[in-house]
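# Coordinate inspection notes
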There are 4 protein chains.
Amino acid sequence: MVILLKKNPEKSQLENLIKWLESRNIEIHYSEGRTRTILGLVGDTSLVDIDLLLALDIVEDVKRITEPYKNANRQFHPEDLVIDIQGVKVGGGHFLMIAGPCSIESQEQLLEVAESVKKSGANMLRGGAFKPRTSPYAFQGLREQGLKILLDVKKAVDIPVVTEIMDISQLPLFEEVDVIQVGARNMQNFELLKELGRMPKPVLLKRGLSATLQELLMSAEYIMSGGNENVILCERGIRTFETATRNTLDLSAVPMLKELSHLPVIVDPSHATGISKLVKPMALAAVACGADGLIIEVHNDPAHALCDGPQSLTPRAFDELNQNIQQILPYAY
Amino acid sequence: MVILLKKNPEKSQLENLIKWLESRNIEIHYSEGRTRTILGLVGDTSLVDIDLLLALDIVEDVKRITEPYKNANRQFHPEDLVIDIQGVKVGGGHFLMIAGPCSIESQEQLLEVAESVKKSGANMLRGGAFKPRTSPYAFQGLREQGLKILLDVKKAVDIPVVTEIMDISQLPLFEEVDVIQVGARNMQNFELLKELGRMPKPVLLKRGLSATLQELLMSAEYIMSGGNENVILCERGIRTFETATRNTLDLSAVPMLKELSHLPVIVDPSHATGISKLVKPMALAAVACGADGLIIEVHNDPAHALCDGPQSLTPRAFDELNQNIQQILPYAY
Amino acid sequence: MVILLKKNPEKSQLENLIKWLESRNIEIHYSEGRTRTILGLVGDTSLVDIDLLLALDIVEDVKRITEPYKNANRQFHPEDLVIDIQGVKVGGGHFLMIAGPCSIESQEQLLEVAESVKKSGANMLRGGAFKPRTSPYAFQGLREQGLKILLDVKKAVDIPVVTEIMDISQLPLFEEVDVIQVGARNMQNFELLKELGRMPKPVLLKRGLSATLQELLMSAEYIMSGGNENVILCERGIRTFETATRNTLDLSAVPMLKELSHLPVIVDPSHATGISKLVKPMALAAVACGADGLIIEVHNDPAHALCDGPQSLTPRAFDELNQNIQQILPYAY
Amino acid sequence: MVILLKKNPEKSQLENLIKWLESRNIEIHYSEGRTRTILGLVGDTSLVDIDLLLALDIVEDVKRITEPYKNANRQFHPEDLVIDIQGVKVGGGHFLMIAGPCSIESQEQLLEVAESVKKSGANMLRGGAFKPRTSPYAFQGLREQGLKILLDVKKAVDIPVVTEIMDISQLPLFEEVDVIQVGARNMQNFELLKELGRMPKPVLLKRGLSATLQELLMSAEYIMSGGNENVILCERGIRTFETATRNTLDLSAVPMLKELSHLPVIVDPSHATGISKLVKPMALAAVACGADGLIIEVHNDPAHALCDGPQSLTPRAFDELNQNIQQILPYAY
């Protein structure tokens, strides 16, 4: 961290600042120039509140040089994290293939999709019970009933499951869910993140629509600083000016996140593009640049899905996709 | 709403679609061209799920022409909504001036600021008890204790108060709060919005960092469709590529929202810019383009604010700002 | 400028770097910590190519602390620049009101508009002869003929004129034009900027659709470093995810640019919003936050304008706007 | 194209509009509802100026349903376009691998890189002579001298070359250049595009930093409508709020552009990310999602490149990348 002081900083204030920093075990490199004075801070600056410094009269600007996250930082965890979900592994070379419908509509629907995607190679089932929808008039999911169906199908097909939570109050219902998903709109629901940090259950943390990679890692840090280290990061498209696709899938996030952090990184090409024809090419691209897994929407009757239909694959298309992925995986980054 | 059909749509599917729409009291204008067929839908299409239509085999594209919100729509509510908050009014020509510190730090601090801003002309007090912070290591607010201070100062100074809620579970603590603020990161916390729709208390709804105006209005619709019509919209800056300011204050949102909706619209220049020097010019600009109010950060010791200090005004600067606003108000749009 | 070195930098390379910097009259503050070494550079670093430094093996990161522009920098030019255009002044308290049609369509049209806007208080006439249009099939302007009409009307009405150049080869035609406009799409047409830097004629430089304020100032620096100091900056909306308005008018750019630079800053609310109803509120807002001028589209028959009609004002609406601006100007920031 | 009329449109104006459209061979589907009237337009609407319609008193809104480009539209050109560049083909299954330094620095440098990349499998050489740089103080390229070196090396190594043009006036120097590159900042330099449309030489058209895919295709249309059909599209990253990478590489643009157009689409991972470590994973991802080629920066001494060094690969890294690409190509989308 580098602090640029204003011209002629008030002496006693400067001394106070230096003492305060030293009391936090931070080494200070004082460097006085003709016009400006710079303080170089060395040590664990992840605990320093940058806004506090900026608020001081004598400070003109502050620049971080090391990242403000520690638990999620690869620098302190050089080895890839491998998360074990009921025997299914992700990270460190283990590829996680999550598939299933956007919304759970009925026991029959989910069972059919689950059996089909498992056969095609999926090792985790997804299915939405609580659905975050922009409009209060759109289908909001089967909720408790949907969750019950999901857990029934989990047992019947013997496959771990992931589903989205929308509020802390729903937590008791998630006991048998294997991975809890935090959706893009809740990436900075800090109360929820803190609560999830107190459990041992793996969390699938989706990147917010306008979240920087650093903010995504800070949200992971919220969970991890509570004691729960099992966080899977998920790139699912960001909001830009482009309107041809629903969002812009930021695939450079994959190698970049893996550079910055030891956490597994997976990709959701279905929500990112919103167009079923683009799911296959973007899934292959995600694999090629080193993603640790994918989360794909599959529907047995995409033309009648209750929500997000246009982006779903048929079970057959999913099967073909899976074969193609197996061909590329050995040569991926 | 206009539905563009694919070439040579399957007849029975088309008939089913038309029957389904007509059962919803929607008039259909069928128009067959050389290469394409168009269905024009007339009626209350706000309840039609656009994704459902897009998912049909025979549909190529769907375009909305009327807005998908009704309760928040000026077309159905031509008169400006005036909200009465313990005698303080906002909307329809009534200007709301909210001021106070970003975070509540102590009874002394809040009392001093409250008395000062009330004297300068503020008619509502703000102060954060629960603080959404990007980093788990940053100051998270005084929480319950902060709320208690706020309510004490409210009585002592006799001024209505607004403060931010971060989770449904905090609701019981907000009983005596006059206006509940939903922060930018919670604009699409739909479970929270539904809950707030069941109460009569006014809600200050901040625009999400990457929310479109339509999404903001859809979130208002979540609250209003539950029965609570007292929603105040707040523009507070959006996320763009520009880094000179913290966010980009989108002031065209003010006249645009007032065109689309009858709800009051206020502006937060402090958070949008993140720079105290920009608060005054942007506050004046907001007034000039027709904002129904402002929410301004004021701190008695900005240089030592526990959070967001760089964007706070001193009580003296706030007093000057207020005088300047009074001069511009009569000539505002 | 601060250089963060990699761990254990190679000694001879470090010595070379230091020598090279010192040869450019740059003072170096060397600061070695437990894990990292920082070089603080003090002096005129505007001439240092940041990419060159980043390319060095021993360098991990480089952060600028002072701005990379000098001619356009208020730090070196504390007084507002006042530009004199045939007796009409802009900057330093002088307000420039430019008005006229988007495209020049005929002598009759331009003459009528020019006389009308001059009467209403405009002190400069705009009119497009060369039109940058997204589609090759859209009207491209009257070109040479349009320029001729503009210069005829200039004489007839006795008002200075501004019009857009699209390519260096058109320069000879602009001799009698008072201010040359560089459009948003050409803001980084560096060959054109260099050429304009060799002339004494004032340049109206529009901000690119995705240009940062720093990039806008660097483009001004291109012109100014060639010797032409008469640059007027123009905010005209940036590209964001929001689709309710054509672009997002970034009004905080006005006080921010005036903080960073001594150049006059004007605002174009017509192109930014693309909606005639929004022109008035955004023009008033621009004035309130300190803009040195406005450029407004006015058309005698907006419903039949050959291009960009929806954003034009009628002469009558412009007259009303002008009166309203005069009321706000005395109280503006 | 669908025109939504205002309520109770004036009859004679409506008749005029209908006559005008019919005179352009456009079929009209008139559909009157309880509250609104819709005109469905069928025929070649690519020549209809949408702004002209929007400007009419009786029109409320206009929505395009077919794309406004024709020459670049796959609907009219179902087969992939294959462009032949001195025997090297791109498109329709032919993969184009362009490599070379960002800037041409000397004959020795370029010759060494050219021989090396050709040996590794590149079939076209790139090298910048005219360099668009944000700062007037940064290295601007060797210009005419650089172009001479490029053409010398082209002959010596027997490899086709591509290099960037920055202004029409430079065209005479480009006679022996095989492919002319239009940079991101010039994507909407319409005068330049028109000029290039009059030549038979292939053009490599880079997407602008904030250009939509439709705008990119409209710029291709500018060139193609002049008679030159040999346009190669290039995705090179767009500007978003994310700062971890220089730009955000929008890989969904690849399958989307290939859906919309028959033109070849290549990807520039070097400029998009600005980080050499990310070049390989993003190059592999581009290949996996169906790109017709790549343009990669290679430098024999990346640590001392005169510009954009941080994003260059060494010849050795390029060789490895090429081998990896050959492994993925057979399984790409």
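These numbers come from a predicted model, not from an experiment.

## With respect to the overall build of chain A
Helix and strand counts for chain A come out as ten helices and 14 strands. Seen along its three principal axes, the alpha-carbon backbone of chain A occupies a region of about 75 × 45 × 40 Å. For chain A, the proportion of its 333 residues judged to be buried stands at 65%. Counting contacts in chain A only where the partners sit at least 6 residues apart, residues at least 24 apart contribute 67% of the total. Working note: accessible area of chain A is about 11400 Å², and carbon and sulfur atoms make up 48% of it. Counting 34 positive and 43 negative side-chain charges, chain A places the centres of these two groups 3 Å from one another.

## Here we look at the packing of helix α9 (residues 276–288) of chain A against helix α7 (residues 253–260) of chain D
Two numbers describe a pair of packed helices, the interaxial angle and the distance between the axes. At a minimum axis distance of 9 Å, the contact between α9(A) and α7(D) shows a crossing angle of 135°. In this view, α9(A) runs oblique relative to α7(D), as classed from their interaxial angle. Read as a crossing pair, α9(A) and α7(D) show a hand that is right-handed. Of the residues in α7(D), those touching α9(A) at Lys277(A), Leu278(A), Pro281(A) and Met282(A) are Pro255(D), Met256(D) and Glu259(D).

## As for the sheet that holds strand β4 (residues 59–63) of chain B
Residue and element names in this part refer to chain B. Read from one edge to the other, the open sheet built from four strands follows the order β2-β3-β1-β4, with strand pairing classed as antiparallel. Two strands bound the open sheet, and with one partner strand each, they are β2 (27–32) and β4. With strand direction ignored, the average angle separating the axes of adjacent strands in the sheet is 20°. Summarising the sheet, β2 and strand β3 (residues 37–42) pair through six bridges and their orientation is antiparallel. For Ser31, the partnering residue across the bridge sits in β3 and is Ile38.

## Some remarks on the sheet that holds strand β13 (residues 265–267) of chain D
Residues and elements named next belong to chain D. The strand order around the closed barrel built from eight strands is β7-β8-β9-β10-β11-β12-β13-β14, with neighbouring strands paired in parallel fashion. With strand direction ignored, the average angle separating the axes of adjacent strands in the sheet is 30°. For strand β8 (residues 124–126) and strand β9 (residues 161–165), the ladder comprises two bridges, and the chain directions are parallel. In the strand pairing of β9, Leu125 is matched with Val161.

## What to know about the interface of chain B and chain A
On the side of chain A, 50 residues touch chain B, which itself brings 50 residues to the contact. Both faces considered, chain B and chain A share a buried interface measuring about 4100 Å² in area, 50% of it formed by carbon and sulfur atoms. Where chain B packs against chain A, one counts four salt bridges. For Arg239(B), the salt bridge is made with Glu215(A), and the minimal N-O distance between the two is 2.7 Å. Our enumeration of links across chain B and chain A arrives at 21 residue pairs in polar contact (both at pLDDT 80 or more). At five residues, helix α6 (residues 213–225) of chain B tops the list of elements feeding residues into the side of chain B that touches chain A. Looking at the side of chain B that touches chain A residue by residue, the class counts come to 23 nonpolar, 14 polar and 13 charged.

## Brief notes about the packing of aromatic side chains
Each aromatic ring pair is summarised here by two numbers: the centre-to-centre distance and the angle between the ring planes. Considering all chains together, one arrives at ten aromatic pairs over all chains under this definition. Seen from their ring centres, Phe190(A) and Tyr222(A) are 4.6 Å apart, and the 20° between their planes marks the pair as stacked. With Phe190(A) in helix α5 (residues 190–197) and Tyr222(A) in helix α6 (residues 213–224), this pair connects stretches of sequence that are 32 residues apart. A residue is classified by how much of its surface remains accessible, and Phe190(A), at 1% relative accessible area, is buried. On the numbers, 6.3 Å between centres and 20° between planes, the contact of Phe130(C) with Phe174(C) is stacked. Remark: Phe174(C) occurs in the loop between β9 (161–165) and β10 (179–182) and Phe130(C) occurs in the loop between β8 (124–126) and α4 (144–157); sequence separation between them is 44 residues. We note Lys70(A) situated over the ring of Phe76(A); from NZ or CZ to the ring centre the distance is 5.9 Å.

## With respect to the pattern of salt bridges
Per the counting criterion, the structure on display carries 56 salt bridges over all chains. Across the pair Lys277(D) and Glu259(A) runs a salt bridge, and its minimum N-O distance is 2.6 Å. Placement of the pair is Lys277(D) in helix α9 (residues 276–288) and Glu259(A) in helix α7 (residues 253–260), with the two residues belonging to separate chains. Asp292(D) is paired through a salt bridge with Lys258(D); the nearest N and O atoms lie 2.6 Å apart. Placement of the pair is Asp292(D) in the loop between α9 and β14 (293–297) and Lys258(D) in helix α7, with a sequence separation of 34 residues. The class for Asp292(D) is buried, based on a relative accessible area of 6%. Residue class for Lys258(D) comes out buried when judged on its relative accessible area of 19%.

## Examining the packing of helix α3 (residues 107–120) of chain A against helix α10 (residues 315–328) of chain A
All names here are of chain A. Where α3 meets α10, the closest approach of the two axes is 9 Å, and the angle between their N-to-C directions is 20°. When the axes of α3 and α10 are compared, the pair comes out roughly parallel. When you trace α3 past α10, the crossing you get is right-handed. Here Ser116, Val117 and Ser120 of α3 lie close against α10, whose contacting residues are Pro315, Phe318, Asp319 and Asn322. Looking at the contact of α3 with α10 residue by residue, the class counts come to three nonpolar, three polar and one charged.

## Observations concerning the relation of the copies chain B and chain A
Of the transformation placing chain B onto chain A, the axial shift is 0.0 Å and the rotation is 180°, giving an RMSD of 0.1 Å. Expressed as an axis order, the relation between the two copies is that of a two-fold axis. Closest to the rotation axis within chain B is the C-alpha of Ser210(B), separated from it by 3.0 Å. In this assembly, 100% of the residues forming the interface of chain B have copies in chain A that are likewise at the interface, indicating an isologous arrangement.

## Describing the side chain of Asp268(C)
All names here are of chain C. Among the secondary structure elements, Asp268 is positioned in the loop between β13 (265–267) and α8 (269–273). Classification of Asp268 as buried rests on a relative accessible area of 0%. When sequence neighbours within four positions are dropped, the list of residues in contact with Asp268 reads Lys206, Cys234, Glu235, Arg236, Leu249 and Ile295.

## Regarding the environment of Leu150(B)
Residues and elements named next belong to chain B. Position of Leu150 relative to the elements: it lies in helix α4 (residues 144–157). Judged by its relative accessible area of 0%, Leu150 is buried. The spatial distance from the C-alpha of Leu150 to the C-alpha of Gly127 is 7.1 Å, given a sequence separation of 23 residues. Beyond its immediate stretch of four places on either side in the chain, Leu150 contacts Ile104, Leu110, Leu125, Gly127, Val161, Val162 and Thr163.

## Quick notes on the environment of Ala244(A)
The topology assignment puts Ala244(A) in the loop between β12 (231–235) and α7. Ala244(A) sits 30 residues away from Gly274(A) along the chain, and the two C-alpha atoms are 9.8 Å apart. Residues in contact with Ala244(A), not counting those within four places in the same chain, are Ile275(A), Leu213(D) and Met256(D).

## Some words on the side chain of Thr248(B)
Relative to the assigned elements, Thr248(B) resides in the loop between β12 (231–235) and α7 (253–260). At 2.8 Å, the side chain of Thr248(B) and the side chain of Thr240(B) are in polar contact. Not counting the four nearest positions on each side in its chain, Thr248(B) is found in contact with Glu235(B), Gly237(B), Ile238(B), Thr240(B), Glu242(B), Ala272(B), Ile238(C), Thr248(C) and Asp250(C).

## Description of the confidence of the model for chain A
Looking at chain A as a whole, its pLDDT mean stands at 91, while 95% of the residues score no less than 70. Quick note on the complex model: pTM equals 0.90, ipTM equals 0.89.

## As for the domain arrangement of chain A
Under the domain assignment used here, chain A contains domain 1 (2–63) and domain 2 (83–332). Each of domain 1 of chain A and domain 2 of chain A has a C-alpha centre, and the two are 43 Å apart.

## Quick word on α6(B)
Residues and elements named next belong to chain B. Over its 13 residues, α6 runs 18 Å from end to end, which matches the ideal 18 Å to within 8%, given 1.5 Å per residue. Most of α6 sits out of view: eleven of its 13 residues are buried. The set of residues buried in α6 consists of Leu213, Glu215, Leu216, Leu217, Met218, Ser219, Ala220, Glu221, Tyr222, Ile223 and Met224. Residues of α6 that are buried make contact with α5 (190–197), β11 (203–206), β12 and α7.

## Observations concerning helix α3 (residues 107–120) of chain C
Given 3.6 residues per turn, any residue in an α-helix points the same way as the ones three and four places further on. Residue and element names in this part refer to chain C. Here α3 spans 20 Å end to end across 14 residues, near enough to the 20 Å set by a 1.5 Å rise per residue. Those residues of α3 lying buried are Gln109, Leu110, Val113, Ala114, Val117 and Ser120. The buried residues of α3 occupy an angular sector of 130° when the element is viewed end-on, so they sit on one face. Opposite the buried face of α3, at more than 90 degrees from it, the exposed residues are Glu108 and Lys119. At its buried positions, α3 is contacted by β7 (96–100), β8, α4 and α10 (315–328). Trailing α3 by a residue or two, Gly121 shows a phi angle of about 120°, which is positive.

Procedures and definitions
- Residue numbers here run from 1 along each chain, matching the order of that chain's written sequence.
- Ligands are numbered from 1 and chains lettered from A, in the order in which they are written.
- Reporting in this predicted model follows two pLDDT cut-offs: at least 70 for local features of residues, and 80 or more for side-chain atom pairs to be given and counted; totals over whole chains, interfaces and linings ignore these cut-offs and use all residues.
- Values shown for side chains rest on all heavy atoms present in the structure; no hydrogens or waters enter the calculation.
- Secondary structure counts use DSSP, requiring at least four H or I residues in a row for a helix and at least two E residues in a row for a strand, with both numbered from the N terminus.
- Only protein chains enter the accessibility calculation, which uses a 1.4 Å probe; a residue whose area is less than 20% of its type maximum is buried, one above 50% is exposed, and one in between is partly exposed.
- Contact criterion: two residues are considered in contact whenever any of their non-hydrogen atoms come within 4.5 Å of each other.
- Method for areas: the Shrake-Rupley scheme with a 1.4 Å probe, in which residue coverage is limited to the protein chains shown.
- Here the positive residues are Lys and Arg and the negative ones are Asp and Glu; neither His nor the chain ends is included.
- Taken as the charge centre is NZ of Lys, CZ of Arg, CG of Asp or CD of Glu, depending on the residue.
- Whenever a helix is involved, its axis is fitted only over the stretch in contact; in every case the axis is a line through C-alpha atoms, and angles between N-to-C directions fall within 0 to 180 degrees.
- Roughly parallel means an angle under 35 degrees; roughly antiparallel means over 145; roughly perpendicular covers 65 to 115; every other angle is labelled oblique.
- By definition, any crossing whose near helix is turned counterclockwise from its far helix by less than a right angle is left-handed, and any crossing with a clockwise turn is right-handed.
- Only when DSSP finds a minimum of two bridges between them are two strands counted as paired.
- Note on definitions: buried area is the accessible-area loss of two parts on being combined, 1.4 Å probe, summed for both.
- When a carboxyl oxygen of Asp or Glu lies within 4 Å of a side-chain nitrogen of Lys or Arg, that pair is called a salt bridge.
- In protein, a polar contact means a hydrogen-donor-capable atom and an acceptor-capable atom, both N or O and within 3.5 Å, with residues adjacent in sequence counting only if both atoms are side-chain atoms; elsewhere, any N or O pair within 3.5 Å suffices.
- Polarity classes work like this: nonpolar for Ala, Val, Leu, Ile, Met, Phe, Trp, Tyr, Cys and Pro, charged for Asp, Glu, Lys and Arg, and polar for all others, with Gly in that last group.
- Here a Phe, Tyr or Trp ring, Trp counted by its six-membered ring, pairs with any other such ring whose centre lies within 6.5 Å, and the pair is stacked when the planes are under 30 degrees apart, edge-to-face when over 60, and tilted otherwise.
- Charges are assigned to positions over rings by a cutoff of 6 Å between ring centre and Lys NZ or Arg CZ, combined with an angular limit of 35 degrees from the ring normal.
- The copies were overlaid with a least-squares fit restricted to C-alpha atoms from residues scoring a pLDDT of at least 70 in each copy.
- For every residue, the predictor reports its confidence as pLDDT, a number between 0 and 100.
- Start and end points for every domain follow an automatic or database-based domain assignment.
- A helix is expected to span 1.5 Å for every residue after the first.
- Along the arc lie the directions from the helix axis toward the C-beta atoms.

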